[in-house]
Amino acid sequence: MTAINDPAYLLDKQYRDASNLNARIVLHRRFSTNKGDLHRWIFDHLRAALGPDARIVEVGCGPADLWRTNRERLPPGWHVTLTDFSPGMVEAAGLALAGHNTRFSIQQADAEALPFADGAFDAAVANYLLYHVPDRPRAIAELARVLVPGGRLFAATNGERHMRELDDLLLPHLRALQAALGASGTPDATATLNAITTSDVHGFTLENGAAQLSQSFAGVTLDLWDDALVVNEVEPLMRYIRSLGAGMAIPDDLMAAIQADVEGRIARDGSIRIGMATGLFTAANPD
């Protein structure tokens, strides 16, 4: 188990509240080359697939950005149940949707043991969640269980090359840290490296997600979101980098070296271009 799917790390440090996630959202919002809105694009897939009356559950809702962004577009017959295993995220979602209690309900829940009856929902959403789940087959089976026959799952994730340029920038610094930690006999070198790097090359990706979903679902399709980041300011990118290693023992001298590298690249080239690989799986619960 690495930091990306360690429940204690995710609950107590990375997603204790929405601050780390928000740092990443801000970078994408400000510097994306695709001027559309990812949350509206995902919502368009739900609108196209679901009828005017639908019971929807989002597992791993975070601060409810999908629904806050599309709140005015919600069909009157839809009711949405939001869940997250982090109390801090549940609180943030509640604040984001305050005043709309008749349309949304929010509660803490574990994706591997959803507290809902079989067939309770017409659709489920699991965006950028499944690579965080320790027992992914169990979570996917749970998502299928709580859906009606023919119900739809929408699951966004990243590809193996997502933000690879940022990994390439960070890795020389992190490998130097890893070597220093190893030389000192500290056992945390690999955990530190895994916690800070950005790509989810194992787990649930654009490349391997369909095969995993097909164990419980049918008719799995994938739509890609075309985007990249062109970052011409130092501090937003540094906030992003700091968010990736939240709670980890990243020495100040390492962060200073990374910042100097970022500053030098932006001064030399005018910006840093970071490619993105992200998309949305849609899958049907067997009839």
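Now for a look at the structure at hand. Please read these numbers as outputs of a predicted model, since none were measured by experiment.

This part is about the side chain of Thr278. Inspection of the secondary structure puts Thr278 in strand E9 (residues 278–284). For Thr278, a relative accessible area of 2% puts it in the buried group. Polar contacts involving the side chain of Thr278 include one to the side chain of Tyr128, which spans 2.6 Å. Setting aside residues no more than four positions away along its own chain, Thr278 makes contact with Tyr128, Thr157, Asn158, Leu206, Leu224 and Trp225.

To continue, consider the sheet that holds strand E4 (residues 121–125). Pairing in this open sheet of 7 strands is mixed, and the strands run E3-E2-E1-E4-E5-E9-E6 from one edge to the other. Because the sheet does not close on itself, it has two edges, and the strands there are strand E3 (104–108) and strand E6 (218–225). This sheet shows a mean twist of 15° between the axes of neighbouring strands, independent of strand direction. Its contacts with the sheet place helix H5 (residues 87–96) against strand E2 (77–84) and E3, and it is angled at close to 165° to E3. The strands that helix H6 (residues 136–145) touches are strand E1 (53–59), E4 and strand E5 (147–158); relative to E5, the one it contacts most, it runs at about 140°.

Rules and cut-offs
- Residues numbered from 1 in each chain as written.
- Predicted model: local features only at pLDDT ≥ 70, side-chain atom pairs only at ≥ 80, totals over all residues.
- Heavy atoms only, no water.
- Helix = DSSP H or I, 4+ residues; strand = E, 2+ residues; numbered from the N terminus.
- Buried < 20%, exposed > 50% of the residue type's maximum accessible area, 1.4 Å probe, protein only.
- Polar contact = N/O pair within 3.5 Å; in protein donor to acceptor, adjacent residues only side chain to side chain.
- Contact = heavy atoms within 4.5 Å.
- Pairing = 2+ DSSP bridges.
- Axes fitted to C-alpha atoms, helices over the stretch in contact; angles between N-to-C directions.

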